[in-house]
Amino acid sequence: MNRKLKNINDLKQKRKKLRKSSEDRRIKIMVCTGSGCVAGGAFKLLEIFENEIQKNGLQEKVQVIKTGCNGFCGQGPLVVVHPEGIFYGWLKPEDASIIVKEHLIEGKLLKKFMYTVKETTETIPYASEIPFFKKQTPLVLRNKGKIDPENIEHYIAEDGYSALEKVLLSMSPEEVIDEISKSGLRGRGGAGFPTGLKWKICRTQKKNPKYLIANCDEGDPGAYMDRSIMESDPHSVIEGMIIAAYAIGASRGFVYIRTEYPLALKRINIAISQAREYGLLGENILGSNFSFDIEIREGAGAFVCGEETALINSIEGKIPEPKQRPPYPAEEGLWGCPTVINNVETLANVPVIISKGADWYSKIGTEKSKGTKIFSLVGKINNTGLIEVPMGITLKEIIYDIGGGIPGNKKLKAVQTGGPSGGCIPGDMLNLKIDYENLTQVGSMMGSGGMIVMDEDTCMVDVAKFFIQFTHDESCGKCSICREGSGALLEVLTRITKGEGKEEDIDFLQELGEAIKDASMCGLGKTLPNPVLSTLKYFREEYEAHIKEKKCPARVCKDLIIYYILPEKCVGCTKCLRECPTGAIQGELKYIHIINQDMCSKCGTCFEVCPPKVSAVVKLTGNEINNITHLEKPVAVEAYKEGSK
Amino acid sequence: MEKDKKIGTALIVGGGIAGMQAALDLADSGIKVYMVEEKPGIGGIMSQLDKTFPTNDCAMCTMAPRLVSVGRHKDIEVISYAEIEEVKRNNGNFKVIVKKKPRYIKEDICTGCGACVNNCPTRRVIQIKESKGIKLDGEYSKVKEIIEKYRRIKGPLMPILHEINRVYYYFPEEVLRYVAQELGYPLTDVLRIATFYNAFSIKPRGKYTINVCMGTACYVRKSEMILDKFSELLKIKPEETTEDRLFTLRSVRCLGCCGLAPAVMIGNEIYGKVKLSDIQTIINKYKEKNE
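What you see is a predicted model, and the numbers here were worked out from it, not measured in a lab.

Novice: Honestly, the overall build of chain B in this entry has me stumped. Any pointers?
Specialist: Broken down by element type, chain B carries ten helices and eleven strands. On C-alpha atoms alone, chain B measures out to a radius of gyration of 28 Å, which is more than a quarter above the 19 Å that the 2.2 N^0.38 rule sets for 291 residues. Based on the C-alpha atoms only, the size of chain B along its principal axes is roughly 95 × 50 × 40 Å. Across the 291 residues in chain B, those meeting the buried criterion constitute 38%. Counting every atom, chain B has about 17600 Å² of accessible surface; 52% of that belongs to carbon and sulfur. Taking the 47 positively charged and 36 negatively charged side chains of chain B as two groups, their mean positions are separated by 4 Å.

Novice: Help me understand the sheet that holds strand E10 (residues 339–343) of chain A, please; the structure alone is not making it clear to me.
Specialist: Hydrogen bonding along the main chain pairs the strands of a sheet, whether they run parallel or antiparallel. Residues and elements named next belong to chain A. Within the open sheet, the four strands sit side by side as E9-E8-E7-E10. Their pairing is parallel. On the outer flanks of this sheet lie strand E9 (293–298) and E10, each paired with one strand and no other. Between one strand axis and the next, the sheet turns by 20° as a mean value, whatever way the strands run. By the bridge criterion, five bridges tie strand E7 (residues 211–216) to E10 in an arrangement that is parallel. Within E10, the position partnered with Tyr211 by the bridge is Thr339.

Novice: When you look at the sheet that holds strand E10 (residues 264–266) of chain B in this model, what are you seeing that I'm missing?
Specialist: All names here are of chain B. Across the sheet, four strands lie side by side as E9-E8-E10-E11; this open sheet has mixed pairing. Each edge of the open sheet carries a strand with a single partner, namely strand E9 (247–252) and strand E11 (269–271). This sheet shows a mean twist of 20° between the axes of neighbouring strands, independent of strand direction. Relative to E9, strand E8 (residues 208–213) runs parallel, the two being bridged by six bridges. The residue of E9 that forms the bridge with Asn211 is Arg250. Here helix H9 (residues 223–234) sits on the sheet in contact with E8, E9 and E10, set at roughly 150° to E8.

Novice: It is not clear to me how the pattern of salt bridges should be interpreted in this structure. Could you clarify?
Specialist: When charged atoms on two side chains of opposite charge get close, those side chains can pair. This model, assessed by the stated rule, comprises 48 salt bridges over all chains. As a salt-bridge pair, B:Glu86 and B:Lys88 come within 3.9 Å of each other at their nearest N and O atoms. Of the charged contacts in the structure, one is a salt bridge between B:Glu269 and B:Lys285, with a shortest N-O distance of 3.4 Å. With a gap of 16 residues between them, B:Glu269 in strand E11 and B:Lys285 in helix H10 (residues 279–289) connect regions that are remote in the sequence. Among the charged side chains, a network of salt bridges with common partners joins A:Lys66, A:Asp148, A:Glu150, A:Lys266 and A:Arg267.

Novice: Which parts of the structure should I look at to understand the packing of aromatic side chains?
Specialist: Overall, the coordinates contain 24 aromatic pairs over all chains when judged by the stated rule. Look at A:Phe72 and A:Phe133: their rings are 5.6 Å apart centre to centre, the planes differ by 90°, and that puts the pair in the edge-to-face class. A residue pair is termed long-range when its members are at least 10 positions apart, and A:Phe72 in the loop between strand E2 (62–67) and strand E3 (79–82) and A:Phe133 in helix H5 (residues 131–134) qualify at 61 residues. Here A:Phe72 matches A:Phe133 in class, with each residue buried. On the numbers, 6.5 Å between centres and 85° between planes, the contact of B:Phe247 with B:Tyr286 is edge-to-face. Taken together, the residues B:Phe247 in strand E9 and B:Tyr286 in helix H10 connect sequence positions 39 residues apart. Comparing B:Phe247 with B:Tyr286 shows no difference in burial state: the two are buried.

Novice: Sorry if this is basic, but what is going on with the pairing of strand E16 (residues 561–565) of chain A here?
Specialist: Burial within E16(A) is extensive, with five of its five residues counted as buried. Residues A:Ile561, A:Tyr563 and A:Ile565 point to one face of E16(A) and A:Ile562 and A:Tyr564 to the other, with burial holding for every one of them.

Novice: What is the right way to read the interface of chain A and chain B from this model?
Specialist: It is common to give the size of an interface as the accessible area that goes away when the parts come together. Contact residues are listed per partner, giving 51 residues for chain A and 39 residues for chain B. Summing both sides of the interface, chain A and chain B together bury roughly 3600 Å²; the carbon and sulfur share of this comes to 59%. Put simply, chain A and chain B have two salt bridges between them. When the shortest N-O distance is used, the salt bridge between A:Glu298 and B:Arg166 registers 3.2 Å. Viewed at the interface, chain B and chain A are joined by eleven residue pairs in polar contact (both at pLDDT 80 or more). At the level of secondary structure, the elements contributing two or more residues to the side of chain A that touches chain B comprise helix H2 (35–39), E9, helix H13 (308–316), strand E11 (372–379), helix H18 (460–474) and helix H25 (605–609) of chain A. With seven residues, H18(A) is the single largest residue contributor to the side of chain A that touches chain B. Within the side of chain A that touches chain B, the residues separate by chemical class into 24 nonpolar, 13 polar and 14 charged.

Novice: How should I be thinking about unusual backbone geometry in this particular structure?
Specialist: Glycine aside, a negative phi is what most residues show, and trans is what most peptide bonds show. Residues and elements named next belong to chain A. Residue Pro83 is reached from His82 by a cis peptide bond, and omega for that bond is 10°. Note that Pro83 resides in the loop between E3 and strand E4 (86–88). Backbone geometry places Asn409, a non-glycine residue, at a positive phi of 50°. Along the chain, the position of Asn409 falls in the loop between helix H16 (395–402) and strand E13 (412–417). The phi angle at Lys550 is positive, at roughly 50°, despite the residue not being glycine. One can find Lys550 in the loop between helix H23 (540–548) and E16.

Novice: Would you take a moment to explain the nonpolar core for this structure?
Specialist: General note: in soluble globular proteins, nonpolar side chains tend to be found buried as a group. In this structure, A:Tyr161, A:Val176, A:Trp199, A:Ile238 and A:Phe292 are the most contacted members of the largest nonpolar core, which totals 135 residues. The element best represented in this core is helix H11 (residues 234–248) of chain A, accounting for ten residues. Ignoring any residue separated from it by four or fewer positions in sequence, one finds A:Val176 in contact with A:Val167, A:Met171, A:Trp199, A:Ile243, A:Tyr246, A:Ala247 and A:Ile354. With 74 residues, the next largest nonpolar core counts A:Leu509, B:Ile134, B:Met158 and B:Ala194 among its residues.

Novice: Before we go on, may I ask you to explain helix H22 (residues 530–538) of chain A in this structure?
Specialist: Residue pairs three or four apart in sequence face the same way in an α-helix, which turns once every 3.6 residues. All names here are of chain A. Judged by how many residues are buried, H22 sits mostly within the fold: eight of nine residues are covered. When we look at burial in H22, the residues that qualify are Asn530, Pro531, Val532, Leu533, Ser534, Thr535, Leu536 and Tyr538. Close packing links the buried residues of H22 with strand E14 (424–426), H18, helix H19 (480–497), helix H20 (505–519), helix H21 (523–527) and H23.

Calculation notes
Residues numbered from 1 in each chain as written. Chains lettered and ligands numbered in written order. Predicted model: local features only at pLDDT ≥ 70, side-chain atom pairs only at ≥ 80, totals over all residues. Heavy atoms only, no water. Helix = DSSP H or I, 4+ residues; strand = E, 2+ residues; numbered from the N terminus. Rg over C-alpha atoms; globule rule 2.2 N^0.38 Å. Buried < 20%, exposed > 50% of the residue type's maximum accessible area, 1.4 Å probe, protein only. Areas by Shrake-Rupley, 256 points an atom, 1.4 Å probe, with all protein chains shown as cover. Lys, Arg positive; Asp, Glu negative; His and termini not counted. Charge placed at Lys NZ, Arg CZ, Asp CG, Glu CD. Pairing = 2+ DSSP bridges. Axes fitted to C-alpha atoms, helices over the stretch in contact; angles between N-to-C directions. Contact = heavy atoms within 4.5 Å. Salt bridge = Lys/Arg side-chain N within 4 Å of Asp/Glu carboxyl O. Phe/Tyr/Trp six-rings, centres within 6.5 Å; stacked < 30°, edge-to-face > 60°. Buried area = accessible area lost by both parts, 1.4 Å probe. Polar contact = N/O pair within 3.5 Å; in protein donor to acceptor, adjacent residues only side chain to side chain. Nonpolar A, V, L, I, M, F, W, Y, C, P; charged D, E, K, R; others polar. Core = buried A, V, L, I, M, F, W, Y, C linked by side-chain atoms within 4.5 Å.

Geometric values such as these leave the question of function open.
This is the structure:
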């Protein structure tokens, strides 16, 4: 069947028809099939739903839709039942038949699957009222959980490609660029370069052809918004790309995507071929004179490829090392031609701005940072997931209102933003308004939007070491200060976590960190010392404790702690003794256990298995280690208690 | 006296132990010797041996004095890192053309201190000769089709490597040589790209790559112990492959499933919230699939 839409009217007619047919079937079960939920068995759940509905003859009334990532990954696998918008989380595949039977047929709401507020154990049936969703402003993720990402018709029915309509019908490329400039949209990849300006520079280059690249090489550990957009709404990226290409005058585009994202890769592939089939990509799009097509290029697991010049080298098939800028890619990029590289999230913002207008868009956010930003809220937080919030929201709102606070009522210690290029914001800066400038000012950065929450059990030196290890491995090796400097930082940090730090180490870290910042060529090197410098700034006393007192205040660094069984608390249950992988625990039933420190590998198993009621296993560090009572051999619990009386 | 006058010179091809002894004998009897050696330095295979048959003499002790003597002898001229191109003979007179490869170093100034070798950032890059006329067939016949599929697009190398990787899980040396030859790229470039990315390997990999996520979120949830457990059960270390070429164990940067930490990806499947006790079951699942 030829589905090609010949002109804009065709598209409008199609949309009308699609809307009508979707209204016929009132009840929709939206099954989240983002990577997170798929890992939890979402496809199995989907299958059972479809079977059960078939079995009960409900297929006329009920539609099961597999959607992209819903965002509330901590509750997955999950479904939302429309039109009411009832949210059911933590589902097992077999729960599908219960929902079909009790919810759809008997019309009952199922409390056991609903979201429960931790403190009050109150259940909330409607997705829109769950605090996690309530404070969010979904613009880019407007279609998350609403449409089937593998079906272009769903996207069209939700006003998809209407921004493209508007552009092709009534706007010149210059007007598009002006509109984007006016909206104040800035690059969402991290550096925050004004998107409109980038397009303008590229448009005004005389050299042809021009290229457009969507950067989906999301390498930051702890960030997955690009993947989520690709999995839940790939067409919004394609629409954004077509508009961008129209504005800069490109006829070929590339999507550079990580090979580690198989599902996103599959969906963008499907989306591109559907868009071609409908005449939205290819020659003379929708009967206009404008032609544009997209190719997919896979990355192969190199963090540095997220840097734009390295990415260009990678597409060209060269060694993916960054190049000196200027010339910027917008002037001289892919194969020496003017090239715009935009982050996936930036491109997904474009259709929204065009449809709703720059004035509307620029009302959201702060003075210099407009619109919304997607953050992946992970780490030690109750509601893990992907959130889209307006710029200028405070950390407090994100962590306590949306994130639901820290598990176990522990204290917030720091929030790490911006991945390995970012820094740690201390927990007492809760009122910080999140935008590009503020984050840079406190020594972190926006980055791609990872937000890792850390509680008091996190050692900041260890965190800094983790990130430096990462950047040291991923440094391409072109600049010696980055290659060797990261190695030197790592060596010193490792020494400190082992308790072999020297007093002058802190100054050395500071000095070397600043040197790396100044002397590196690309973004990777320029930002890699941030985790060290920001933790030095806000958590200097932790470094000092490691060096001077040989003490890890958070009790993380293995070489500075010991596991110890408190004799007054141990009940002699043998649980830790059975689980210990190295056989370092001595004792028997009803006898107080003793850890043989020479054999202990400090894996922490005993600490985890000791029942919370007993909690006899503790971690000791620094001076505490010298003040413990040593038992020579296991003593009967009873005898010990009497002895201590 | 006229009769005793030694005339002419000798050229010795190869600076191994035999070549060195011959050169010394000739030079000691008054003949000028040119010694041409293919490698950058003389010494040959014997320098790699420990003991020699049948006397069990220490190889180095045998050759070291000869190395020194050859180097010092006023009548021996060592032309190393060179090849013989042509030998012409005219009534007992030989004319030899020797091609000397460039060393990119001023040989008359260099003291051989070794400092540059230790500090060269790319010293572990394998130096291999380009080769021509490789034909691939049998096991690797698919490579040809893959190259044909992408040859015409701009920047074909990455898509080709990706597809080869999907079929063979790693790049055998001859395949890389073939790719370089077909695309007309320098082999060193192809090799550097093949070793730059984490997803590629020049060592054999298993059918299933077990990627244990070491992203921040997983790390704080003890993904290191998950890796150790896989290592223990499969009896391989990270970056190694099981003997049956079924599994390769790796740690990976971030799978972007931070809500599911700790996460493991095997092939295209992701396992979230992995517990130590789940791991045997997961391994068995893949073993059964292949029986």
